[in-house]
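Residues per chain, in single letters:
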Amino acid sequence: MDATSPVARFYDRLAADYHLIYGDWESALARQGAALDAVIRSALGPSPATVLDCACGIGTQALGLALRGHRVTGTDLSPVAAERAAREAARRGLTVPTRAADMRELPFDDGSFDVVVCADNALPHLLTAADVRTALSEMRRVLRAGGLLLVSTRPYDEIRRSHPVSTAPQLHGSGSERTVTFQLWEWHEDGERYDLEHFQLHPEGSGWTTKARRTTYWALTRAQLTDLATESGLESPTWLAPEDSAFFQPLLTARAPRP
């Protein structure tokens, strides 16, 4: 997977409008940053950490953590999204270097970071166990000994039981500035993977314009992802529910082994 892959193109096309997914992106940025910051400091102590957000997108988690004092670097498969994250950081007076990179081949030396974050359902874009193991092994490699990995996904245990075919519409803005976002899901025969169509509607004159983007996910259960993390050499995998972490998705924590 590279910058010309379907996943990269999906996020290249979405990058300019990604903040419109949220009712209030600034509030979400602050809220998610606060939740992840609390998990990091609880695990590693009160000092600011060196953090790699290896699926930074336009910066939702990276900026939130930088605002909390952490030294954050961002990478993303989409060069357009990574560039926007850097602009958003500069606009806030933050230093968050970003670059385009595949999470299966991270361009950093071994042991470069205290924390690696892979949030907001990014890892399930990888559709095979081999690719997920490769990505998790890379995250482990760039962590210092005893470093912390944070991965969040949709609540796929519950989703796999019900196999929903759509999401509820989300509204951003008001009046002529409204944007309505929703998704349609088509499940594969294996019951684990699904094709997602992402729609955004914007008012135009007396009607609406529609933007549609398509991608595919693997709905990894907690047990599946826990096993893949262990197979990748990570230790002490533990799941935090949203009610425990204050993060909006289930959060897998794991540690890089100590020598």
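Residues numbered from 1 in each chain as written. Predicted model: local features only at pLDDT ≥ 70, side-chain atom pairs only at ≥ 80, totals over all residues. Heavy atoms only, no water.

Side note on the overall build of the protein
The condition that has to hold: A run of H or I in DSSP counts as a helix once it spans at least four residues, and a run of E counts as a strand once it spans at least two, with each numbered from the N terminus. Only protein chains enter the calculation, and the probe is 1.4 Å; a residue is then buried if its accessible area is under 20% of its type maximum, exposed if over 50%, and partly exposed in between. The contact criterion used throughout is that any non-hydrogen atoms of two residues lie within 4.5 Å. Per-residue accessibility takes into account occlusion by the displayed protein chains alone, with areas from the Shrake-Rupley method and a 1.4 Å probe. Note that His is not counted, nor are the chain ends; the positive residues are Lys and Arg, and the negative ones are Asp and Glu. In plain terms, the charge of a residue is placed at NZ if it is Lys, CZ if Arg, CG if Asp and CD if Glu.
Within the protein, the secondary structure is distributed over 8 helices and 11 strands. C-alpha atoms of the protein, sized along the principal axes, occupy 65 × 45 × 35 Å. A burial count over the protein gives 52% of its 259 residues as buried. A fraction of 64% describes how many contacts in the protein between residues 6 or more apart in sequence connect residues 24 or more apart. For the protein, the exposed surface amounts to about 11400 Å²; the carbon and sulfur share of it is 51%. For the protein, the separation between the mean place of its 27 positive charges and that of its 33 negative charges on side chains is 4 Å.

Describing the sheet that holds strand β6 (residues 170-172)
For the record, the criterion: At least two bridges found by DSSP between two strands are what make those strands a pair. Orientation is described by lines fitted to C-alpha atoms, with helices fitted over the stretch in contact, and by angles between N-to-C directions that extend from 0 to 180 degrees.
Judged by pairing direction, the sheet is antiparallel, and its 4 strands sit side by side in the order β6-β7-β8-β9 without closing on themselves. With one partner strand each, in any of the chains shown, β6 and β9 (207-218) form the two edges of the open sheet. With direction set aside, neighbouring strand axes in the sheet form an average angle of 20°. Judged from the 8 bridges that link them, strand β7 (residues 179-187) and strand β8 (residues 193-204) form a sheet pairing that is antiparallel. If you follow Thr181 over to β8, its bridge partner there is Gln200.

Points about the sheet that holds strand β2 (residues 71-76)
Read across the open sheet, the 7 strands follow the order β3-β2-β1-β4-β5-β11-β10; overall the sheet is mixed. One side of each edge strand has no neighbouring strand; the edge strands of this open sheet are β3 (98-100) and β10 (235-240). In this sheet, adjacent strand axes meet at a mean angle of 20° when their direction is disregarded. Sheet topology note: the strand β1 (residues 50-53)/β2 ladder contains 4 bridges and is parallel. Following the sheet pairing, Leu52 is matched in β2 by Thr73. Along the sheet, helix α2 (residues 25-44) contacts β4 (113-118), β5 (143-152), β10 and β11 (251-255); its crossing angle with β5, the most-contacted strand, is approximately 150°.

A look at the state of the cysteines
Here is the rule: Two cysteine sulfurs form what is called a disulfide whenever their separation falls within 2.5 Å.
Taken as a whole, this structure holds 0 disulfides when the rule is applied. No disulfide involves Cys56; its sulfur sits 9.1 Å from that of Cys54, the nearest cysteine. The exposure class assigned to Cys56 is buried, which follows from its relative accessible area of 3%.

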